[in-house]
Amino acid sequence: MNSAGMLENLFLSGLRNDGRKPDEFRNLRAQFHPVDEPDGSCLLTNGYTQVLATIHGPRDSISSSSSSSSNLTVSYSIASFSSLDRIKQSHDKRAFENASKLKSIFESILDSESRQNKMHIGVHVLQADGSVFTTAVNAITLALIDASVSCLDTLIGTTIGIVSDEKLLCDLNGMESGVNGELIVVFAPNLNKLVAVEFDGMRLNSVEILENAIEFGKNTCLNVYAKLRTIVEAHIQALLKSKLK
């Protein structure tokens, strides 16, 4: 059976190929400060997708910067397990595009002080099994918290897939995203603001389907936010306990 057929059958069984319900995101695991050199870092595992985000800064900038611009830079690398030049070039192009998108997205939630200081975000994709860009968004969010960077809000990302008959899936794995692409949704939960919506290989038949998918994406982001908040709170409690020993 092909991938499209598997997606259709999941609505008969109620479960996806990895055992999840349509509205269920994958297990999230976070390791804070796995790298000592950066000011903040987080290794986030989302199912079989794994992304390391690092933060260098904020540092005082020599040149003054207006509130309308920032001194943020972003790099994005993809671990390659093949020496094929074609694949490497594809990875290089995708890395450049994603770095530019992430810079724009995170500039939008830096406060005025953070925007005036120099800061570098590094993204390192270690394993890719769907929803890579949005896992990077969530990893950066946690790394910014680890670095104590002042922001207007946290940013949460997820992917949405659409099967025929307008059925929706969240947090797509690699097989699912390969069927009909994915809708990328980035949401600021406290500001209740939709920060980014992007089609990655996805085809939609109507505006109504798009609106439903975006709303589904926002609700999924709120659920992911609640999970990440629990992870952060557990991390803070562990730090406090270690300092009391």
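Right, let's walk through the structure included here. (Residues numbered from 1 in each chain as written. Predicted model: local features only at pLDDT ≥ 70, side-chain atom pairs only at ≥ 80, totals over all residues. Heavy atoms only, no water.)

1. Considerations on the pairing of strand β3 (residues 49-59)
It is a general feature of regular strands that their side chains alternate between the two faces of the sheet. Of all the eleven residues making up β3, eight are buried; the element is thus mostly covered by neighbouring parts of the structure. Note that strand β2 (residues 40-46) and β3 share seven bridges and pair antiparallel. Along β3, the bridge assignment pairs G40 with I55. The loop that links β2 with its antiparallel partner β3 comprises two residues; one of these, G47, has a positive phi angle of about 65°. Pairing analysis gives eight bridges linking β3 to strand β5 (residues 118-127), with the strands arranged antiparallel. In the sheet register, T54 faces β5, and the bridge partner there is G122. (Buried < 20%, exposed > 50% of the residue type's maximum accessible area, 1.4 Å probe, protein only. Helix = DSSP H or I, 4+ residues; strand = E, 2+ residues; numbered from the N terminus. Pairing = 2+ DSSP bridges.)

2. Quick word on the sheet that holds β2
With mixed pairing, the five strands of this open sheet are ordered in space as β1-β2-β3-β5-β4. Strands at the two margins of the open sheet, each flanked by one partner only, are β1 (28-32) and β4 (71-78). Averaged over all adjacent pairs, the angle separating strand axes in this sheet is 15°, with direction ignored. As judged from the eight bridges shared by β4 and β5, these two strands associate in the parallel manner. When the sheet's bridge partners are listed, V74 is paired in β5 with I121. Sheet contacts for helix α4 (residues 132-146): β1, β2, β3, β4 and β5; angle to β2, the most-contacted strand, approximately 145°. (Axes fitted to C-alpha atoms, helices over the stretch in contact; angles between N-to-C directions. Contact = heavy atoms within 4.5 Å.)

3. Side note on helix α6 (residues 207-244)
With 38 residues, α6 should reach 56 Å at 1.5 Å per residue; the first-to-last C-alpha distance of 55 Å fits that figure. Every buried residue of α6 is accounted for by I209, A213, I214, F216, G217, T220, C221, V224, Y225, L228, I231 and V232. Tucked into the core, α6 has its buried residues touching β1, α4, β6 (156-163), β7 (167-170), β8 (182-188) and β9 (193-200). (Expected span 1.5 Å × (residues − 1).)

4. Some details on the sheet that holds β6
Pairing is antiparallel across the open sheet formed by four strands, whose spatial order is β7-β6-β8-β9. The two strands at the open ends of the sheet, each matched to only one other strand, are β7 and β9. The sheet shows a mean angle of 25° between the axes of neighbouring strands, direction not considered. In this structure, β8 lies alongside β9, joined through seven bridges in antiparallel fashion. Note on β9: the bridge partner recorded for E182 is D200. Contacts between α4 and the sheet are confined to β6 and β8, with β6 contributing the most and set at about 160° to the helix. Against the sheet, α6 touches β6, β7, β8 and β9, its axis set at about 140° to β6.

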